[in-house]
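Each chain, written out:
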Amino acid sequence: RCTSNLKYSLCWKSSKTQKICWFCNNAKVAVLGASGGIGQPLSLLLKNSPLVGELSLFDIAHTPGVAADLSHIETRAHVTGYMGPDQLNAALKGCDVVVIPAGVPRKPGMTRDDLFNTNATIVATLADAVARNCPEAMICIIANPVNSTIPITSEVMKKYGVYNPNRVFGVTTLDIVRANAFVAELKGLDPARVNVPVIGGHAGKTIIPLISQATPKVEFPADQLSALTARIQDAGTEVVKAKAGAGSATLSMAYAGARFTFSVLDAMNGKEGVVECAYVRSEETECKYFSTPLLLGKHGIEKNLGLGKLSAFEENLVADAIGELKGSIKKGEDFVANMK
Ligand SMILES: NC(=O)c1ccc[n+]([C@@H]2O[C@H](COP(=O)([O-])OP(=O)(O)OC[C@H]3O[C@@H](n4cnc5c(N)ncnc54)[C@H](O)[C@@H]3O)[C@@H](O)[C@H]2O)c1
Ligand SMILES: *[C@@H]1O[C@H](CO)[C@@H](O)[C@H](O)[C@H]1NC(C)=O
Ligand SMILES: *[C@@H]1O[C@H](CO)[C@@H](O)[C@H](O)[C@H]1NC(C)=O
């Protein structure tokens, strides 16, 4: 029987080769920015999952409505809505996983720096509350710019002496999801069976799909390979253009955010062999933060699986990305250093 203090799995060997696990699936998951374009469908997917016991929804607006609406769904997860800064601590108490799709969209007159500063401040404030209320939670950051919001979250956690690099993830899953979908489309494969690792950063040229490592193995002529790579790197713009002013990717991002969260929860529950790419603290290149495939476990990253064998084309992309990424990382670190 699952009790609240027995959150994770009990496993035993049933034979030499088979292991049986009994999952308790009582995780408490918080979504910060739950009323947004990504937050709402992401919360719906989490509510629909047997892995979630408690779903804690936080935003500065509309969370009572979103929570009431989701609470009528006939699945086990207990949903609570928290609204405004006064309720942030309560939203985070006892959370195992915190997913952050919060942000403020560009308003007329905002400069690039204003845009950076608003989201950066939001993420820093939310990370501060995570550090104080659930320092051991897995933190999954969707809020852009991911290349800087992960360094920001890490620096805030360090200030409280609770930084664990194995538990802070920049969610880049949408890049992998898109790569899988596009490769499957070009080759007439079942997308559910395709897996393309995507490494590097999470903006433009720093997004590096490793088509040479795709499973099943696929080959493209050079011109098609560079067009496919460019499409994956610029797929966000495809959605922004098609939505014609009504925002950016929200539904596919919600799917990707849910996929990543479920992988983290599966691994926490003791499932073996769970691998996801994410933008994390890294020793794999000269960049302090870099995305590569990660083996996940009960305590977050169990092993960084590294870049693997790259083609010459991919090696060039990595070399270009590193210089650019370093600047974004420093920007995030400087932001926290200069915060009051
Ligand atoms: N990682 C990715 O692949 C990816 C893809 C698409 C979008 N994004 C990013 O995800 C974020 C959210 O995008 P969206 O389209 O859902 O935006 P949105 O504007 O629709 O939603 C953002 C939500 O955050 C809330 N919010 C604002 N300040 C907050 C605070 N201090 N605390 C809690 N919530 C707060 C807003 O009220 C709103 O409900 C953006 O930063 C966006 O750039 C990331
Ligand atoms: C900040 O978040 C909003 C969504 O709320 C997004 O539209 C915007 O692009 C983000 N800013 C940056 C600099 O990525
Ligand atoms: C970091 O992300 C922002 C916003 O997504 C982008 O404008 C900037 O070019 C990125 N930097 C790098 C090095 O990718």
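Residues numbered from 1 in each chain as written. Chains lettered and ligands numbered in written order. Predicted model: local features only at pLDDT ≥ 70, side-chain atom pairs only at ≥ 80, totals over all residues. Heavy atoms only, no water.

Go over the state of the cysteines, please, and point to the residues and values.
Applying the stated criterion across every chain yields a total of 0 disulfides. The thiol of C277 is not disulfide-bonded; the next cysteine sulfur, from C140, is found 14 Å away. Take C287: it sits in no disulfide, and the sulfur closest to it among the cysteines is that of C277, at 16 Å. Residue C287 is classed as buried on the basis of its relative accessible area, which comes to 1%. (Disulfide = S-S within 2.5 Å. Buried < 20%, exposed > 50% of the residue type's maximum accessible area, 1.4 Å probe, protein only.)

Just give me the short version of the UniProt feature "active site" (unreviewed entry) in the protein chain, but keep the residues and values in it.
If you check UniProt for "active site" (unreviewed entry), the listed places come out as H202 in our numbering. Following the sequence through the fold, H202 ends up in the loop between β9 (198-200) and β10 (207-209). Classification of H202 as buried rests on a relative accessible area of 17%. Aside from chain neighbours lying at most four places away, what touches H202 is N144, V146, V171, T172, D175 and I207. A polar contact is formed between the side chain of H202 and the side chain of D175, at a distance of 2.7 Å. (UniProt positions renumbered as here; feature names shortened; annotations may be inferred. Helix = DSSP H or I, 4+ residues; strand = E, 2+ residues; numbered from the N terminus. Contact = heavy atoms within 4.5 Å. Polar contact = N/O pair within 3.5 Å; in protein donor to acceptor, adjacent residues only side chain to side chain.)

Outline the pairing of strand β13 (residues 300-304), listing residues and values.
Where a strand is regular, its side chains alternate between the two sheet faces. Examined bridge by bridge, strand β12 (residues 289-297) and β13 share 4 bridges and lie antiparallel to one another. Bridge pairing in β13 links L296 to I301. Here β12 folds back onto β13 in antiparallel fashion, the turn holding 2 residues. (Pairing = 2+ DSSP bridges.)

Summarise the domain arrangement of the protein chain; cite the residues concerned and give the values.
Partitioning the protein chain into domains gives domain 1 (24-171) and domain 2 (173-331). Each partner contributes to the interface: domain 1 provides 36 residues, whereas domain 2 provides 34 residues. Overall, the association of domain 1 and domain 2 removes approximately 2,800 Å² of surface from exposure, summing both partners, and the carbon and sulfur fraction of that is 71%. Together, N147, F169 and V171 form the three largest contributors to the area buried by domain 1 at its contact with domain 2, with a combined 21%. Connecting domain 1 to domain 2 are 1 salt bridge. Where D113 meets K331, a salt bridge forms, and the shortest distance between an N and an O atom there is 3.9 Å. Counting across the domain 1 and domain 2 interface gives 5 residue pairs in polar contact (both at pLDDT 80 or more). Elements with a minimum of two residues in the side of domain 1 that touches domain 2: β3 (27-32), α1 (39-47), β6 (97-100), α4 (112-133), β7 (138-141), α5 (146-159) and β8 (168-170). (Domains from an automatic or database assignment. Buried area = accessible area lost by both parts, 1.4 Å probe. Salt bridge = Lys/Arg side-chain N within 4 Å of Asp/Glu carboxyl O.)

Pulling in residues and values, what's your account of the site of ligand 3?
Taken together, the residues surrounding ligand 3 are R112, P145, N147, A203, T206, E324, L325 and S328. Here an oxygen atom of ligand 3 sits 2.5 Å away from a polar atom, N or O, in the side chain of N147. Out of a free accessible area of 360 Å², ligand 3 has 67% covered by protein chains. The greatest single-element share of the shell around ligand 3, amounting to 3 residues, is contributed by helix α10 (residues 312-337). (Near = heavy atom within 4 Å. Areas by Shrake-Rupley, 256 points an atom, 1.4 Å probe, with all protein chains shown as cover.)

Which residues make up helix α9 (residues 251-268), and what are the values?
Helix length check: α9, at 18 residues, gives a terminal C-alpha distance of 26 Å against a target of 26 Å (1.5 Å per residue), a fit within 8%. Of the residues making up α9, those classed as buried are M253, A254, A256, G257, A258, F260, T261, S263, V264, L265, A267 and M268. (Expected span 1.5 Å × (residues − 1).)

A description of the pattern of salt bridges should follow, citing residues and the corresponding values.
Applying the stated criterion across every chain yields a total of 9 salt bridges. Among the ionic pairs, R259 bridges to E276, the shortest N-O distance being 3.0 Å. Note that R259 is positioned in helix α9 and E276 in strand β11 (residues 274-281), a separation of 17 residues in sequence. Looking at R259, the relative accessible area reads 22%, which means it is partly exposed. For E276, a relative accessible area of 5% puts it in the buried group. For the salt bridge of D266 with K271, the shortest nitrogen-to-oxygen distance reads 3.9 Å.

Any chance you could break down the UniProt feature "domain: Lactate/malate dehydrogenase N-terminal" (unreviewed entry) in the protein chain for me, citing the residues and the numbers?
Within this numbering scheme, the UniProt entry marks residues 28-170 as carrying the feature "domain: Lactate/malate dehydrogenase N-terminal" (unreviewed entry). Across residues 28-170, helical content stands at 41% and strand content at 21%; the span's end C-alpha atoms are separated by 20 Å.

Describe the packing of aromatic side chains, listing the residues and the values that go with them.
On inspection of all chains with the given rule, the structure shows 3 aromatic pairs. Seen in terms of ring centroids, F116 and F335 are 5.9 Å apart; in terms of plane orientation they differ by 85 degrees. Their pairing is edge-to-face. One end of the pair, F116, is in helix α4; the other, F335, is in helix α10, and 219 residues separate them in sequence. Comparing F116 with F335, the two get one shared label, buried. When the ring of F169 is compared with that of F260, the centres are 5.3 Å apart and the planes differ by 65 degrees; the resulting orientation is edge-to-face. Of this pair, F169 sits in strand β8 while F260 sits in helix α9; the two residues are 91 residues apart in sequence, bridging distant segments of the chain. On the basis of relative accessible area, F169 is assigned to the buried category, the value being 0%. Accessibility expressed as a relative area gives 0% for F260, which makes it buried. When the ring centre of Y289 is taken as reference, the NZ or CZ atom of R281 above it lies at 5.8 Å. In this structure, K331 packs its charged tip against the face of F116, placed 4.3 Å from the ring centre. (Phe/Tyr/Trp six-rings, centres within 6.5 Å; stacked < 30°, edge-to-face > 60°. Lys NZ or Arg CZ within 6 Å of the ring centre and 35° of its normal.)

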